[in-house]
Amino acid sequence: MSLPFFEINGGNRLRGTVRISGAKNAALPIMAASILCEGEVVLRDIPRVADVESLCELLQKLGVETTWIEDNALRLIVRDEMNCKAEYDIVRKMRASICVLGPLIAKRQKAQVSMPGGCAIGDRPVNLHLRAMERLGADLDLVGGDIVARAKKLVGTEMFLGGRFGSTVLGTANAMMAAALADGVTVIEMAACEPEVADLANFLNQCGASISGQGTPRIIVEGVKELHGCEYRIIPDRIEAGTFMVAAALTNGDLKIENVRLDHLMAFVDCLSGVGVHVEKTTLGAEVTSSRRLEPVEVTTQPFPGFPTDLQAQLMTLLCLADGNSVITDKIFPDRFMHVPELARMGAQLRREGGTVIIEGVKRLIGAPVMASDLRASAALVLAGLVARGTTRVNRIYHLARGYERMDEKLRAVGGDIQLHPEGGV
Ligand code: EPZ
């Protein structure tokens, strides 16, 4: 079966204005939270990406009616609470499906969610999610690869959600959503501070929840009897914004980026300034330019507000062309390096040592056929194609479609020479 691919001719300097979509990683848990609500939920700035469509499919199977009422506006309303099973075939394709666990237990007193498998970026354990549910009083069993959870009524409690890699984004989301309808107060220690977690808390509060401390490592949830629906606009996608910042820097272009919150990207922008990339705040977002000579840097990914693991691959592409040796360490997903051998095919000089990659800057990258493997590695390969000499063919771009809305269109609109071929890829 021949697959779609991108064909990219490198060398164009990107200039113009690009508008960033709503954040996929805010949309997914907020969509799942609709399970908790009595009445209609309308979400705005929802990106039309594959992961959102997959979650719509899962929510429909769980009795939630989902309807696109405008291009990026989604209406969700619970019609039937009978089915509480999230099937393996959906969960294995999208790990984020795990975020229906908390809402199902809290609202329907039961949940059967397939254990998500691993994925291209490494192990994806859910032990912290299960710890949170047990601390709230749920009985959990593992039956045929499924988590089977039951709870007459969840009871507020204290919990510590730190694991060996630090905090957990979706684990904190599940804990907050479950605690929202629990009896009493829940305190989540070492909660994730990501903006997407704060966005979920703000959404839940708009539905009548009582959550405070979001954005800090200590979140307090006072359980309420019920949650009503609401209309809510989600935050911009900081990872998409960071990806386009790298595109501007790589091509020595000048991009105006609209709908970006620079306070969500402090560590990343700080790193870019060390490389020699200028990110200037504007009334509508930011303007990005760079000096021709890129400086090498050393970076380690951390939970927010540290350097985001979701921008590790994109930064690596940029550092391939820096004037000297850089070092990137991914402390969150130490195996998140599927882009390394593909970038090497384009002439990058990279050496992996466990969870660290040493990047020896080269004068140029050379276009080649490459293979996408996970969402952010795919973005890194598209970025490399934009600056490489000659033509790059990025195969398996369905990975990219999971989290980037109309990426080729947005790049073409600012001068990128990128074409989507519907078939002929491998
Ligand atoms: C979210 O995944 C994001 N996905 C990921 O983005 C992102 O990379 C990740 O957070 C880290 O920022 C969504 O929001 C849909 P974690 P999540 O639980 O919540 C370990 C993308 O490209 N861990 O914060 O699944 C885990 O193995 C995606 O958009 C446990 O040990 O990540 C990892 O090493 C990829 N036990 C670390 O914690 C657990 O129970 C952080 O994972 C849970 C996680």
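From a predicted model like this one, the values you see are computed outputs, not experimental measurements.

Quick look at the overall build of the protein chain
Looking only at helices and strands, the protein chain features 14 helices and 26 strands. Rg of the C-alpha trace for the protein chain: 21 Å, near the compact-globule value of 22 Å for 426 residues, within the 12% margin. Summarising its shape, the C-alpha atoms of the protein chain cover approximately 65 × 45 × 40 Å along the three principal directions. Counting across all 426 residues of the protein chain, residues that qualify as buried make up 58%. If you take every contact in the protein chain between residues at least 6 apart in sequence, the share linking residues at least 24 apart comes to 73%. For the protein chain, the exposed surface amounts to about 16,500 Å²; the carbon and sulfur share of it is 49%.

Focus: the sheet that holds strand E16 (residues 231–233)
With mixed pairing, 4 strands are arranged side by side in an open sheet as E5-E6-E4-E16. Strands at the two margins of the open sheet, each flanked by one partner only, are strand E5 (64–70) and E16. Sheet twist, expressed as the mean angle between neighbouring strand axes with direction ignored, is 20°. Pairing of strand E4 (residues 41–44) with E16 involves 3 bridges; the strand directions are parallel.

Observations concerning the nonpolar core
Grouped together as the largest cluster of nonpolar side chains are 80 residues, with contacts concentrated most on Met31, Val100, Phe203 and Leu204. Every residue in contact with Val100, bar those within four places of it in the chain, is listed here: Ala32, Ile35, Leu55, Leu58, Leu59, Leu62, Ala86, Val113 and Asn174. Counting 69 residues, the second largest nonpolar core, distinct from the first, contains Ile257, Leu262, Ala372 and Ala388.

Digging into the pattern of salt bridges
Following the criterion strictly, the structure yields 26 salt bridges and no others. The closest approach of N and O atoms between Glu38 and Lys107, which form a salt bridge, is 3.0 Å. Of this pair, Glu38 sits in strand E3 (residues 37–38) while Lys107 sits in helix H4 (residues 101–108), placing them 69 residues apart in sequence. Relative accessible area serves as the criterion here: at 38%, Glu38 is assigned to the partly exposed category. Of the residues examined, Lys107 reaches a relative accessible area of 15% and is grouped as buried.

Points about the sheet that holds strand E21 (residues 325–329)
An order of E20-E21-E23-E22 is seen for the 4 strands of this open sheet, with the pairing classed as mixed. Because the sheet does not close on itself, it has two edges, and the strands there are strand E20 (298–300) and strand E22 (349–353). Ignoring strand direction, the axes of neighbouring strands in this sheet form an average angle of 15°. The pairing of E21 with strand E23 (residues 356–360) spans 5 bridges and is classified as antiparallel. Bridge pairing in E23 places Asn325 opposite Glu360.

Quick word on the packing of aromatic side chains
Summed over the entire model, instances satisfying the criterion amount to 2 aromatic pairs. Between Phe203 and Tyr232, the ring centres sit 5.7 Å apart and the planes meet at 75°, which makes this aromatic pair edge-to-face. Remark: Tyr232 occurs in strand E16 and Phe203 occurs in helix H7 (residues 195–206); sequence separation between them is 29 residues. What makes Tyr232 buried here is its relative accessible area of 9%. Seen in terms of ring centroids, Phe268 and Phe307 are 5.7 Å apart; in terms of plane orientation they differ by 55°. Their pairing is tilted. Residue Phe268 is found in helix H9 (residues 266–275), and its partner Phe307 is found in the loop between E20 and helix H10 (312–319); the two are separated by 39 residues along the sequence. No difference in accessibility class separates Phe268 from Phe307, as the two residues are buried. Seen from the ring of Phe5, Arg393 lies directly overhead, with NZ or CZ sitting 3.8 Å from the centre.

Analysis parameters
- Residues numbered from 1 in each chain as written.
- Predicted model: local features only at pLDDT ≥ 70, side-chain atom pairs only at ≥ 80, totals over all residues.
- Heavy atoms only, no water.
- Helix = DSSP H or I, 4+ residues; strand = E, 2+ residues; numbered from the N terminus.
- Rg over C-alpha atoms; globule rule 2.2 N^0.38 Å.
- Buried < 20%, exposed > 50% of the residue type's maximum accessible area, 1.4 Å probe, protein only.
- Contact = heavy atoms within 4.5 Å.
- Areas by Shrake-Rupley, 256 points an atom, 1.4 Å probe, with all protein chains shown as cover.
- Pairing = 2+ DSSP bridges.
- Axes fitted to C-alpha atoms, helices over the stretch in contact; angles between N-to-C directions.
- Core = buried A, V, L, I, M, F, W, Y, C linked by side-chain atoms within 4.5 Å.
- Salt bridge = Lys/Arg side-chain N within 4 Å of Asp/Glu carboxyl O.
- Phe/Tyr/Trp six-rings, centres within 6.5 Å; stacked < 30°, edge-to-face > 60°.
- Lys NZ or Arg CZ within 6 Å of the ring centre and 35° of its normal.

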